[in-house]
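Geometric and topological summary
The lines below spell out each chain.
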Amino acid sequence: MTEFAIPAPDGQRVLKSPKISFEFFPPKTEEMERSLWETINRLAPLAPNFVSVTYGAGGSTRERTHSTIARILAETSLVPAAHLTCVGASRGEIDEIVDRYHDIGVRHIVALRGDPMTGLGTTFVGHPDGYKSSAELVAGIKKRHGDIEVSVSAYPEKHPDAQSLDADIDTLKAKVDAGAARAITQVFFDNDLYLRYLERVRGRGIDIPIVPGIMPMHNFRQARNFVTRAGTTVPNWLSEKFEGLDDDAETRKLVAATVAAGQVQKLAKHGVDTFHFYTMNRADLVFAIAHLLGIRPKGAAKAA
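Description of the structure in this document. Since this is a predicted model, take the numbers as computed values, not measurements.

As for the overall build of the protein
- Of the regular secondary structure elements, the protein holds 10 helices and 11 strands.
- Sequence-distant contacts in the protein: of pairs separated by 6 or more residues, those separated by 24 or more amount to 77%.
- Accessible surface computed for the protein: about 14,300 Å², of which carbon and sulfur atoms make up 50%.

And the structure:
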């Protein structure tokens, strides 16, 4: 985290363009495939550091994740990061997936323990012959291919399975010790939670980037249900901003863009200069927020 806001003649501070990255999920249908690639083509000229593609519970999207990553490599100038979890596969199977990614040119993996196959809120049971934790997975990836950069997850409100925030930071430390180069946070809406978490993480000697994960709320009610199941607190002030807008999608979009841009700008004032956007495979809000932050399309980063 570095300070990058500079004084303007009127005494206000001006936001210099931050570094950004985007998350996509692999499409299930031809229509979703077309929508995803419209989104990729729209966002690619913003020149993100990388774009990640998620991996479904129990490896349910394994081949779709791989084919999406392969197409990004083949048809765009973007740097893809493949999500990979410990769920539902042996070490040998996961090692083979890592090798396949390396063979096609992937040099960035987002390594996660993954949600239990029985769903959020249930006990995680690893594969009997598999990696038992994200730290083990990070170590396994780095042992096989030292040139792969590994990102991991971080939880400003702690992982739902963690006994305490300190215990969760112990887990993050183990992932860093195993070779993680970056952590991307779970969605949060209260910046103070992130800033307090960052202070505690730095106090433990963890010095890798802790990149805030930002989610523009395209559909507030749906998004709130999703993120709260994963342990994210939705403040009352945020709920109030979307009151009465259930049937007004256009106004919801405007409010969502304003809220997310405001969150990023406030974090920037504290020296945060890198952001990861959970796009939900939609370009409109993310593109608008990037524009508000001073990020402009670059022809050199244009997708095919």
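Notes on the pattern of salt bridges
- Evaluation of the coordinates by the stated rule reveals 16 salt bridges.
- Between Arg-144 and Asp-99 there is a salt bridge, with its nearest N and O atoms 2.6 Å apart. Note that Arg-144 is positioned in helix α4 (residues 134-144) and Asp-99 in helix α3 (residues 91-104), a separation of 45 residues in sequence.
- Given a relative accessible area of 40%, Arg-144 falls into the partly exposed group.
- A salt bridge links Arg-221 to Asp-246, with the nearest nitrogen and oxygen atoms 2.4 Å apart. One end of the pair, Arg-221, is in helix α7 (residues 220-229); the other, Asp-246, is in the loop between α8 (236-241) and α9 (249-269), and 25 residues separate them in sequence.
- The network of salt bridges with shared partners includes Glu-33, Arg-71 and Glu-75.

A closer look at α7
- Taken residue by residue, α7 has Phe-220, Ala-223 and Val-227 as its buried positions. With its buried residues spanning 65° around the axis, α7 presents them on a single face. Turned more than 90 degrees off the buried face of α7, the exposed positions are Gln-222 and Arg-229.
- Buried residues along α7 sit in contact with α8 and α9.

Points about the packing of aromatic side chains
- Within the structure shown, the criterion is met by three aromatic pairs.
- Seen from their ring centres, Phe-22 and Phe-277 are 6.4 Å apart, and the 45° between their planes marks the pair as tilted. Of this pair, Phe-22 sits in strand β3 (residues 19-24) while Phe-277 sits in strand β11 (residues 274-278), placing them 255 residues apart in sequence. For the pair shown, Phe-22 and Phe-277 are each scored as buried.
- Relative to Tyr-194, the ring of Phe-188 lies with its centre 5.2 Å away and its plane at 5°, an arrangement referred to as stacked.
- Judged by relative accessible area, Phe-188 falls into the buried class, the value being 1%.
- When its relative accessible area of 1% is taken as the criterion, Tyr-194 is described as buried.
- Over the ring of Trp-37 we find Arg-71, and its NZ or CZ is 4.0 Å from the ring centre.

Digging into the pairing of strand β7 (residues 149-154)
- Of all six residues that make up β7, five are buried, and the element is covered over most of its length.
- The sheet contact formed by strand β6 (residues 108-112) and β7 spans three bridges and is parallel. Bridged to Ile-109 within β7 is Val-150.
- Note that β7 and strand β8 (residues 182-185) share four bridges and pair parallel. Looking across to β8, one finds that Ala-154 is bridged to Thr-185.
- One crossover worth recording links β7 to the parallel β8 by way of helix α5 (residues 165-178), and it is right-handed.

Some points on the pairing of β8
- Neither face of β8 is exposed, since Arg-182 and Ile-184 on one face and Ala-183 and Thr-185 on the opposite face are all buried.
- Looking at chain direction, β8 and strand β9 (residues 210-211) are connected through two bridges and run parallel. Within β9, the residue paired with Ala-183 across the bridge is Ile-210.
- Where the polypeptide runs from β8 across helix α6 (residues 191-203) and back to β9, its parallel neighbour, the crossover connection is right-handed.

Quick notes on α6
- With 13 residues, α6 extends 18 Å between its outermost C-alpha atoms, agreeing within 8% with the 18 Å of an ideal straight helix rising 1.5 Å per residue.
- Those residues of α6 that sit buried are Asn-191, Leu-193, Tyr-194, Leu-195, Tyr-197, Leu-198 and Val-201.
- The N-cap residue of α6 is Asp-190: its side-chain oxygen and the backbone nitrogen of Asp-192 are 2.9 Å apart.
- One or two steps after α6, the chain reaches Gly-205, where phi turns positive at roughly 85°.

Quick look at the sheet that holds strand β5 (residues 80-85)
- The strand order across the open sheet built from nine strands is β9-β8-β7-β6-β5-β4-β3-β11-β10, with neighbouring strands paired in parallel fashion. Where the open sheet ends on each side, the last strands, each with one partner, are β9 and β10 (213-214).
- Sheet topology places β10 next to β11; two bridges connect them, and they run parallel. The residue bridging Ile-214 from the neighbouring strand is Phe-277, located in β11.
- Sheet contacts for α3: β5 and β6; angle to β5, the most-contacted strand, approximately 175°.

What counts as what
Residues numbered from 1 in each chain as written. Predicted model: local features only at pLDDT ≥ 70, side-chain atom pairs only at ≥ 80, totals over all residues. Heavy atoms only, no water. Helix = DSSP H or I, 4+ residues; strand = E, 2+ residues; numbered from the N terminus. Contact = heavy atoms within 4.5 Å. Areas by Shrake-Rupley, 256 points an atom, 1.4 Å probe, with all protein chains shown as cover. Salt bridge = Lys/Arg side-chain N within 4 Å of Asp/Glu carboxyl O. Buried < 20%, exposed > 50% of the residue type's maximum accessible area, 1.4 Å probe, protein only. Arc of directions from axis to C-beta. Phe/Tyr/Trp six-rings, centres within 6.5 Å; stacked < 30°, edge-to-face > 60°. Lys NZ or Arg CZ within 6 Å of the ring centre and 35° of its normal. Pairing = 2+ DSSP bridges. Right-handed = clockwise from strand over helix to strand, strands pointing away. Expected span 1.5 Å × (residues − 1). Polar contact = N/O pair within 3.5 Å; in protein donor to acceptor, adjacent residues only side chain to side chain. Axes fitted to C-alpha atoms, helices over the stretch in contact; angles between N-to-C directions.

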